[in-house]
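# Remarks on the overall topology
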Amino acid sequence: MDTNTTPSNFIRSIIEEDLASGKVKKVVTRFPPEPNGYLHIGHAKSICLNFGLAKDYNGTCHLRFDDTNPEKEDVEYIESIMEDVRWLGFDWGEHLYYASDYFPQLYDFAVELIKQGKAYVCELSAEQIREYRGTLTEPGKESPYRNRSVEENLELFERMKNGEFEEGSHVLRAKIDMAAPNVVMRDPVLYRIKKVPHHRTGDQWVIYPMYDFTHCLSDAIEGITHSICTLEFENNRPLYEWILEQVYPKPHPQQIEFARLNLSYTVMSKRKLLQLVEKGIVRGWDDPRMPTLAGLRRRGYTPEAIRDFCERIGVAKANSIVDYALLEHCLRDDLNQKAPRAMAVLRPLKVVIENYPEGQVEYLEAVNNPNDPKAGTRLVPFAREIFIERDDFMLDPPKKFYRLAPGREVRLRFAYFIKCTDVILDEAGNVVELRAVYDPETKGGSAPDGRKVKATLHWVAAEHSLPAEVRLYDHLFNKEDPNEGDLFENLNPNSLEVLSDARVELSLKDVQPGDKFQFERLGYFCADLDSTAERLVFNRTVPLKDTWAKLQKK
RNA sequence: UGGGGUGUAGCCAAGCUGGUAAGGCACAGGACUUUGACUCCUGCAUUCCCUGGUUCGAGUCCAGGCACCCCAGCCA
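Structure report, in brief.

### Quick notes on the layout of surface pockets
The volume enclosed by the largest pocket comes to roughly 1,600 Å³. Broken down by secondary-structure element, the contributors of at least two residues to the lining of the largest pocket are helix 10 (293-299), helix 12 (324-338), strand 21 (465-473), strand 25 (536-543) and helix 13 (547-553). The element contributing the most residues to the lining of the largest pocket is helix 13, with seven residues. Approximately 1,300 Å³ is the volume found for the second largest pocket. In terms of lining residues, the second largest pocket is bounded by 42 residues, among which E34, Y211, E232, F233 and K270 are the most central. For the lining of the second largest pocket, the elements supplying multiple residues, two or more each, are strand 1 (28-31), helix 2 (41-56), strand 6 (189-193), helix 7 (211-222), strand 8 (226-230) and helix 9 (270-278). At four residues, the largest contribution of residues to the lining of the second largest pocket is made by helix 2. In terms of residue class, the lining of the second largest pocket is made up of 17 nonpolar, eleven polar and 14 charged.

Below you can see the structure in the form of structure tokens.
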């Protein structure tokens, strides 16, 4: 029954050992986003990892909002995060938590720490704390407030809670070791005063716990067994363990770090993504060029493709930048199986078939998906005037170009062979229209006499087709690592191209936003959120692989 | 010059107790083709950051280097 083919990794090894040794009975993981931005594909890696582990080892995975900084957080983000996790295909069931729900318990743990003489209220300013912290190579020095009595600390901390002090005037700090080589351990701040209402607790609190204090205890409270986070928290692990060691009974959750995902040509930092949104470089968090799950969804990516991708990239500890082409491959792989085919002409070039009866329309049978016989067939109208892709015709074709050219015969997909008989140019010498003749004997696309053509073109009847807007996307940045140098100078000015004169086949009349298709010979497209019955709008999710384009570059 | 990590092909990444370098993407050929798509074959690391050492044998063990990443928020 276990058809799990997920490749193994060092985290799975740890879990398997813990299960085998009996150290852990049931695996409990968690995905702990801070609701201060939209989820992106880097989060997808973490979501797939945490939920995937829980699923594969018959455990559970919690969704917990790490909402300890009300200044940056918002319910808008909470909602989008839940929507995105669900969309990706994961279910936290009953296990929805908020660190803010633990504020009362966290406060009690802080009091406990004070009673043990392991935390104190410090009145140094932020700048002073920084100075006292020392540097990476020199030890820090102890705060003059470090040796207050337990009673005084207790009283001061309570007064902090009661709002008697100004923001920044007092903090609660752990009393660890100002000379620790790991700066995280140099009396880290545990609580700070913020007289800011919280999106969930309102104005109930004016002191808020820091990440380091909150995270380990939240994990412990929820019975998390394996607390999986990214590499930059490796330095914080000793503090994670120190806090639990002081106030929480064993067993403790185990923190394990892995390398976050980086994708070529894209940025993954929430701060940078926020900038793109705020500066209006993209249309919003769900702009189809964004690596956010909302953006990818709008672009036409499927959850299946993203999950497949997350599985293929693996989990390890080495920093890396994954080739965007792998994501695209996963998408094509998925859509090739399930996207119905349709014909659309992005840059129309009119062809008049001179020997085809004027006014006649016939309906030709087209296969909906050659990879899925169950998808059936549909009828597409054919007439005397059609549009083909401009790129499918060349006046003076090079050797390897085997599409339409003067005097040349090609096949129109599911229709007839046509031969180009004449080319109409404007004064500037641009091709504006083609004249052709068709062979009635080749209906359906094959010649009874057995003659072959080298190319098959997609097409659309001129009258019997629909106008549409098509949005073509490219990487938002033109550098493999956009973080190298100035981010905004690395922007790709051509990341969006809007084609407003495209034509699509009639069967696409009633498409709904999100509907996905393969436009034959072009790529995978989906109807955009902006698409209406009056104005069809399609996003190109990803182009098909294009051997001809590759040849042209040579 | 402190501490914590990581280094296997163009990009990811397996490689567990040493036994003679998985897989995927990309790329290059070829077959097939009513999508120059898909599919299918074939090729793609005498070598695992470097240098020594141990061993019959080392990507795997030991020693010493080198490179890159993270840490001095009252962010997470």
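Structure shown, so let's carry the discussion forward.
### Some points on the pairing of strand 17 (residues 417-425)
Relative to strand 17, strand 16 (residues 409-412) is paired through three bridges, and the arrangement is antiparallel. Considered in strand 17, the bridge of R411 is made with F417. The turn joining strand 16 and strand 17, which pair antiparallel and follow one another in sequence, is formed by four residues; a positive phi near 65 degrees is taken by F414. Where strand 17 and strand 18 (residues 431-438) come together, seven bridges link them in antiparallel fashion.

### Focus: the pattern of salt bridges
Enumeration according to the criterion identifies 47 salt bridges in this entry. Between R64 and E222 there is a salt bridge; the shortest N-O distance is 3.1 Å. Placement of the pair is R64 in strand 2 (residues 60-65) and E222 in helix 7, with a sequence separation of 158 residues. E222 carries the same exposure label as R64, and that label is buried. Measuring nitrogen to oxygen at the nearest pair gives 3.0 Å for the salt bridge that ties R451 to D449.

### Quick look at the protein's contact with RNA strand B
In the neighbourhood of RNA strand B, 67 residues make up the surrounding shell, with R341, R403, R413, G444 and T547 lying closest. Side-chain polar atom of N319 to a sugar or linking oxygen of RNA strand B: 2.9 Å apart, as the coordinates give it. Here a sugar or linking oxygen of RNA strand B and a side-chain polar atom of R413 are 2.5 Å apart. Within the residue set of the surface near RNA strand B, elements represented by two or more residues are helix 5 (126-132), strand 6, helix 11 (303-313), helix 12 and helix 13.

### What about the packing of helix 4 (residues 103-115) against helix 8 (residues 237-247)?
The geometry of helix 4 relative to helix 8 is characterised by a closest axis approach of 10 Å and an angle of 80 degrees between their N-to-C directions. Relative to helix 8, the element helix 4 lies roughly perpendicular. In contact with F109, E112 and L113 of helix 4, helix 8 contributes W242, Q246 and V247. When its residues are assigned to classes, the contact of helix 4 with helix 8 shows four nonpolar, one polar and one charged.

### What about the pairing of strand 4 (residues 119-122)?
Burial of the side chains of strand 4 extends over both faces: A119 and V121 are buried on one face and Y120 and C122 on the other. Two elements, strand 4 and strand 5 (residues 171-174), share four bridges in a ladder whose sense is antiparallel. When the sheet's bridge partners are listed, A119 is paired in strand 5 with A174.

### Some words on the packing of helix 4 against helix 6 (residues 150-161)
At a minimum axis distance of 9 Å, the contact between helix 4 and helix 6 shows a crossing angle of 160 degrees. Classified by the angle their axes make, helix 4 and helix 6 are roughly antiparallel. You can see that helix 4 and helix 6 cross each other, and the crossing is right-handed. Counting all contacts with helix 4, which are made through Y107, A110, V111, I114 and K115, the residues of helix 6 involved are V150, N153, L154, F157, E158 and K161. Counted by class, the contact of helix 4 with helix 6 contains seven nonpolar, one polar and three charged residues.

### Some words on a positive patch on the surface
A cluster of basic residues, K400, K545, K550, K553 and K554, forms a positive patch on the protein surface. Here K545 lies in the loop between strand 25 and helix 13. K545 gets classed as exposed once you look at its relative accessible area, which sits at 67%.

### Overview of the side chain of E257
Looking at the secondary structure, you find E257 in strand 9 (residues 254-258). At a separation of 2.7 Å, a polar atom in the side chain of E257 contacts the side chain of R237. Looking at E257, its side chain comes within polar contact range of the side chain of Q255, at 3.0 Å. Contact partners of E257, with chain neighbours within four places excluded, come to F10, C229, T230, L231, F233, E234, R237 and K317.

### Considerations on the sheet that holds strand 18
Read from one edge of the open sheet, seven strands run 19-16-17-18-12-15-20, paired in mixed fashion. Strands with a single pairing partner mark the edges of an open sheet, and in this sheet they are strand 19 (456-457) and strand 20 (459-461).

### Looking at the environment of P440
With respect to the secondary-structure elements, P440 resides in the loop between strand 18 and strand 19. Relative accessible area serves as the criterion here: at 45%, P440 is assigned to the partly exposed category. With 24 residues separating them in the primary sequence, P440 and Y416 have C-alpha atoms 7.0 Å apart.

### A few points about the packing of aromatic side chains
Following the criterion strictly, the structure yields 22 aromatic pairs and no others. Ring centres of Y77 and W285 lie 6.3 Å apart, and the angle between their planes is 85 degrees; this geometry places the pair in the edge-to-face category. With a gap of 208 residues between them, Y77 in helix 3 (residues 75-88) and W285 in the loop between helix 9 and helix 10 connect regions that are remote in the sequence. Judged on exposure class, the residue Y77 and its partner W285 are both buried. Each ring, one from Y107 and one from F157, has its centre 4.8 Å from the other, and the planes form 15 degrees; the classification is stacked.

Rules behind the numbers
- Residues numbered from 1 in each chain as written.
- Chains lettered and ligands numbered in written order.
- Predicted model: local features only at pLDDT ≥ 70, side-chain atom pairs only at ≥ 80, totals over all residues.
- Heavy atoms only, no water.
- 1 Å grid on protein atoms, 1.4 Å probe; cavity = no way out; pocket = protein on both sides within 12 Å on 5 of 7 lines; lining within 4 Å.
- Points joined across faces, edges and corners; volume = space filled by probe spheres on them.
- Helix = DSSP H or I, 4+ residues; strand = E, 2+ residues; numbered from the N terminus.
- Nonpolar A, V, L, I, M, F, W, Y, C, P; charged D, E, K, R; others polar.
- Pairing = 2+ DSSP bridges.
- Salt bridge = Lys/Arg side-chain N within 4 Å of Asp/Glu carboxyl O.
- Buried < 20%, exposed > 50% of the residue type's maximum accessible area, 1.4 Å probe, protein only.
- Near = heavy atom within 4 Å.
- Polar contact = N/O pair within 3.5 Å; in protein donor to acceptor, adjacent residues only side chain to side chain.
- Axes fitted to C-alpha atoms, helices over the stretch in contact; angles between N-to-C directions.
- Parallel < 35°, antiparallel > 145°, perpendicular 65-115°, else oblique.
- Contact = heavy atoms within 4.5 Å.
- Left-handed = near helix turned anticlockwise from the far one by under 90°.
- Patch = residues over 30% accessible without salt bridge, like charges linked within 9 Å, V, L, I, M, F, W, Y side chains within 5 Å.
- Areas by Shrake-Rupley, 256 points an atom, 1.4 Å probe, with all protein chains shown as cover.
- Lys, Arg positive; Asp, Glu negative; His and termini not counted.
- Charge placed at Lys NZ, Arg CZ, Asp CG, Glu CD.
- Phe/Tyr/Trp six-rings, centres within 6.5 Å; stacked < 30°, edge-to-face > 60°.

Note that all results are geometric; they support no functional claim without further evidence.
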